[in-house]
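Geometric and topological summary
Chain by chain, the residues run as shown.
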Amino acid sequence: DIEPEVLHYVQFSEVAAITTGFLWLQMISYLRAVWLRFSLFVDVVLRLVRSSFHFLLLVTITMTSFSQMLYTLNHEAADGCDGCFSLRWATNFVVDLDDPSTIILVIILSVIV
């Protein structure tokens, strides 16, 4: 269990981090209103982000899916079996990842599920 003082500090630090982010956004908004060259720079950056949004979304989804697959392949089984992976989320058996056919099975199941 986490002590109440530590929990309070963790919650406060999360709120402080979010608040700091909003303060920086407010600072950028103020500089955009006051400084013309900075305003043009921010507008160009926003246009680049808007135009590349779909590409960045695709890259994020791809990276997330591959990282989840690698985590699934390298995650230790719940019963502590080294070199085994528990596929209890899809079936109720434990496979040995030293056999190439079971690696193909894991890949197929990760694509299907």
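**Re the pattern of salt bridges**
In the structure shown here, the tally under the stated rule is one salt bridge. Of the charged contacts in the structure, one is a salt bridge between Asp43 and Arg32, with a shortest N-O distance of 2.7 Å. Highlighted residues: Asp43 in helix α2 (residues 36-51) and Arg32 in helix α1 (residues 4-34), separated in sequence by 11 residues.

**Notes on the packing of aromatic side chains**
Tallied over the entire structure, the rule returns two aromatic pairs. On the basis of an interplanar angle of 40° and a centroid distance of 6.5 Å, the ring pair of Phe38 and Phe41 is categorised as tilted. A residue pair is termed a helical-turn pair when its members lie 3 or 4 positions apart in one helix, as Phe38 and Phe41 do in helix α2 at three residues. Connected via pairs of aromatic rings, a cluster forms that spans Trp35, Phe38 and Phe41.

**Quick notes on the confidence of the model for the protein**
Mean pLDDT over the protein stands at 76; residues scoring 70 or higher make up 63%. Here strand β1 (residues 84-86) stands out as the element of the protein with the lowest mean pLDDT, 52, in contrast to α2, whose mean of 93 is the highest. Counting interchain partners and residues more than four positions distant, the pLDDT-below-50 stretch residues 87-92 has 13 contacts.

**So, α2**
The end-to-end C-alpha distance of α2, which contains 16 residues, comes to 23 Å, matching closely the 22 Å that a straight helix rising 1.5 Å per residue would cover. Among the residues of α2, those classed as buried are Phe38, Ser39 and Val42. All buried residues of α2 project into a common sector of 100° when viewed along the axis, lining one side. Pointing more than 90 degrees away from the buried face of α2 are the exposed residues Leu36, Arg37, Phe41, Arg47, Leu48 and Ser51.

Quick notes on the rules
- Residues numbered from 1 in each chain as written.
- Predicted model: local features only at pLDDT ≥ 70, side-chain atom pairs only at ≥ 80, totals over all residues.
- Heavy atoms only, no water.
- Salt bridge = Lys/Arg side-chain N within 4 Å of Asp/Glu carboxyl O.
- Helix = DSSP H or I, 4+ residues; strand = E, 2+ residues; numbered from the N terminus.
- Phe/Tyr/Trp six-rings, centres within 6.5 Å; stacked < 30°, edge-to-face > 60°.
- pLDDT = per-residue confidence, 0-100.
- Contact = heavy atoms within 4.5 Å.
- Expected span 1.5 Å × (residues − 1).
- Buried < 20%, exposed > 50% of the residue type's maximum accessible area, 1.4 Å probe, protein only.
- Arc of directions from axis to C-beta.

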